[in-house]
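Breakdown of the fold
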Amino acid sequence: MTPQSHFYLMRIVAFLIALLSSAFVAMSEEQSKAQWTAPAAEARKKNPVAVTESSLAAGQKIYLKRCVACHGKTGNGDGPDAADLGIDPAKLSDPAIRVETDGELFWKITVGNKPMPNYGTRLSPADRWNVINYLRSLAKK
């Protein structure tokens, strides 16, 4: 093998490795998006905010300000910005939302998942728990 052919062979191998790496990263990102699950310890967290009229009102106010553009007024994932996201926002009114624990929802709101922003520094913990109480009322409708 000549030095020149060895050089070209090494470039092809490097290209193939880069191509495979990109494919694995893309697959990993897709799996992560498809399976957005909270760590077990986070999922076990209990909501310290009681479901009261004031909690529901506070949660609704935050929801209408921060969430309605994507998730829609009734939580059907049909907000005015939903079409531009490239994905379908979660349908928070779906009864299946009851399957997720308050801790899971709290974690998801806290960390976000693009295009959904993280609200860990944008909303206080109490505000996030109030939103969860309000989301539970959407699932019942």
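Below is a short write-up of the structure. (Residues numbered from 1 in each chain as written. Predicted model: local features only at pLDDT ≥ 70, side-chain atom pairs only at ≥ 80, totals over all residues. Heavy atoms only, no water.)

What follows concerns the environment of Ile97. Note on placement: Ile97 falls in the loop between helix 4 (68-71) and helix 5 (102-111). For Ile97, a relative accessible area of 9% translates into the label buried. Residues Ile97 and Ala139 lie 42 residues apart in sequence; the distance between their C-alpha atoms is 6.6 Å. If we ignore the near neighbours within four places in the chain, the residues touching Ile97 are Leu92, Leu105, Arg136 and Ala139. (Helix = DSSP H or I, 4+ residues; strand = E, 2+ residues; numbered from the N terminus. Buried < 20%, exposed > 50% of the residue type's maximum accessible area, 1.4 Å probe, protein only. Contact = heavy atoms within 4.5 Å.)

The next thing to look at is the side chain of Lys108. By the element assignment, Lys108 lies in helix 5. A relative accessible area of 12% places Lys108 in the buried class. What Lys108 contacts, discounting residues up to four positions off in sequence, is Trp36, Glu100 and Met116.

Here the focus is unusual backbone geometry. Note that the residue after Lys114, namely Pro115, is joined by a cis bond; omega there is 10°. When you line up the elements, Pro115 lands in the loop between helix 5 and helix 6 (125-140).

All right, on to a positive patch on the surface then. The grouping of Lys61, Lys65, Arg66 and Arg122 at the surface amounts to a positive patch. Exposure remark for Lys65: the relative accessible area of 67% places this residue in the exposed category. (Patch = residues over 30% accessible without salt bridge, like charges linked within 9 Å, V, L, I, M, F, W, Y side chains within 5 Å. Areas by Shrake-Rupley, 256 points an atom, 1.4 Å probe, with all protein chains shown as cover. Salt bridge = Lys/Arg side-chain N within 4 Å of Asp/Glu carboxyl O. Lys, Arg positive; Asp, Glu negative; His and termini not counted. Charge placed at Lys NZ, Arg CZ, Asp CG, Glu CD.)

A word on the packing of helix 5 against helix 6. Running from amino to carboxyl end, helix 5 crosses helix 6 at an angle of 120°, the nearest separation of the two axes being 10 Å. Taken together, the axis directions place helix 5 and helix 6 in an arrangement best described as oblique. Of the two elements, helix 5 crosses helix 6, and the hand of that crossing is right-handed. Contacts from Asp102, Gly103, Leu105, Phe106, Ile109 and Thr110 of helix 5 reach helix 6 at Pro125, Arg128, Trp129, Val131, Ile132, Leu135 and Arg136. (Axes fitted to C-alpha atoms, helices over the stretch in contact; angles between N-to-C directions. Parallel < 35°, antiparallel > 145°, perpendicular 65-115°, else oblique. Left-handed = near helix turned anticlockwise from the far one by under 90°.)

It is worth stressing that arrangement in space is one thing and function is another; only the former is reported here.
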